[in-house]
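Structure at a glance
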Amino acid sequence: MSEYHQYCPIAKAVEVVGERWSLLIVREMLVGARRFNEIARGLPGISRTLLSSRLRQMERAGLIERRNSGYALSPAGEDLAPLVFGLGAWAQTWILGDPEPEELDPTLLIWWGHSRLHTDLLPKERTVLEFRFVDHQNRYWLLVEPSGTSICEYDPGFGIEAVITTDLFTLHRVWNGREEFRAALRADRIHLEGDRATVRQLPRVLSITTLGEMADAARAI
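Secondary-structure assignment places A11 in helix α1 (residues 9-17). Assessed through its relative accessible area of 9%, A11 is described here as buried. Contact partners of A11, with chain neighbours within four places excluded, come to Y4 and Q6.

And the structure:
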């Protein structure tokens, strides 16, 4: 851990959370990742060895705790929520441009988005949403149930209520606050088909919780 040898709260904070990947690990845990593989899935650029090392460092610093076979944020770690989401909201306002080609990762995009959908607006208790990308061969299915939302890389076999067809660039922009879902829909860059009642709700369901909204919610706790 880097040390600045300054008796300053900002310097002390950066010593604890300023290491590469540390805040992104906190980000993953704030949105629900608890097991090692879940955290790793949201951070495809980190090696498993480095992730293990960071988790140990954060445990020693009092940010996370071991719980059964996984991890949980400590009260100190949970208290980072306004900082993490606020930092993301700041970046959306000031520095986030359009995604570069090497940043168009469909698996990571679906992983990030699935926990931020407004699934409570869906008309059925169990709903399967299929995502098709015109510029990528893989398809993804979200299985939405009362117990939570699961990502499937094959048809889960319960019947598909709606199919969302788009391109990676558009969905990255929409889910990162660069473009409104309804605007992309009107521009014919997103296509919806399937059960009428489900499709009617999709513009609201798929307009995911923004980082600004998450920051506001975290501050209100």
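After presenting the structure, the write-up continues.
What follows deals with the pattern of salt bridges. If you walk through the whole model with that rule in mind, you get 12 salt bridges. For R139, the salt bridge is made with E130, and the minimal N-O distance between the two is 2.8 Å. For E130, a relative accessible area of 2% translates into the label buried. Through salt bridges with shared partners, one network takes in D98, R173, R178, E179 and R189.

Relative to the helices and strands, T149 is located in strand β5 (residues 148-152). Once residues within four sequence positions are removed from consideration, T149 is found in contact with H114, T119, L142, L143 and V144.

Right, let's talk about unusual backbone geometry for a bit. Backbone geometry at H5 places phi at a positive 55°, although glycine is not the residue there. Tracing the chain through its elements places H5 in the segment before α1. H5 gets classed as exposed once you look at its relative accessible area, which sits at 70%. For W21, which is not glycine, the phi dihedral falls at a positive 85°. Overall, the relative accessible area of 14% leaves W21 in the buried class.

We now examine the sheet that holds strand β4 (residues 139-145). Strand order in the open sheet formed by 5 strands is β5-β4-β3-β6-β7, with mixed pairing between adjacent strands. For this open sheet the edge positions go to β5 and β7 (191-194), each flanked by a neighbour on one side alone. Sheet twist, expressed as the average angle between the axes of neighbouring strands with direction ignored, equals 20°. Note that strand β3 (residues 127-133) and β4 share 6 bridges and pair antiparallel. Looking at β4, one finds that F131 is bridged to Y140. Contacting β3 and β6 (162-166), helix α8 (residues 168-175) crosses the sheet at an angle of about 125° to β3. The strands touched by helix α10 (residues 196-205) within the sheet are β3, β6 and β7, with β7 carrying the most contacts at an inclination of about 155°.

So, on to a nonpolar patch on the surface. A surface patch of nonpolar side chains, about 510 Å² in accessible area, is lined by L87, W90, W94 and I95. Structurally, I95 can be placed in the loop between α6 (81-94) and α7 (106-114). What makes I95 exposed here is its relative accessible area of 59%.

Let us now look at the pairing of β5. Pairing geometry for β4 and β5, over 5 bridges, is antiparallel. Paired with V144 across the bridge in β5 is T149.

As a further point, take the nonpolar core. Counting 26 residues, the largest nonpolar core has I110, F131, W175, L202 and L206 as its most contacted members. Ranked by residue count, the leading element in this core is α8, at 4 residues. In this structure, M29, L43, L51 and M58 belong to the second largest nonpolar core, which totals 25 residues.

About the cut-offs
Residues numbered from 1 in each chain as written. Predicted model: local features only at pLDDT ≥ 70, side-chain atom pairs only at ≥ 80, totals over all residues. Heavy atoms only, no water. Helix = DSSP H or I, 4+ residues; strand = E, 2+ residues; numbered from the N terminus. Buried < 20%, exposed > 50% of the residue type's maximum accessible area, 1.4 Å probe, protein only. Contact = heavy atoms within 4.5 Å. Salt bridge = Lys/Arg side-chain N within 4 Å of Asp/Glu carboxyl O. Pairing = 2+ DSSP bridges. Axes fitted to C-alpha atoms, helices over the stretch in contact; angles between N-to-C directions. Patch = residues over 30% accessible without salt bridge, like charges linked within 9 Å, V, L, I, M, F, W, Y side chains within 5 Å. Areas by Shrake-Rupley, 256 points an atom, 1.4 Å probe, with all protein chains shown as cover. Core = buried A, V, L, I, M, F, W, Y, C linked by side-chain atoms within 4.5 Å.

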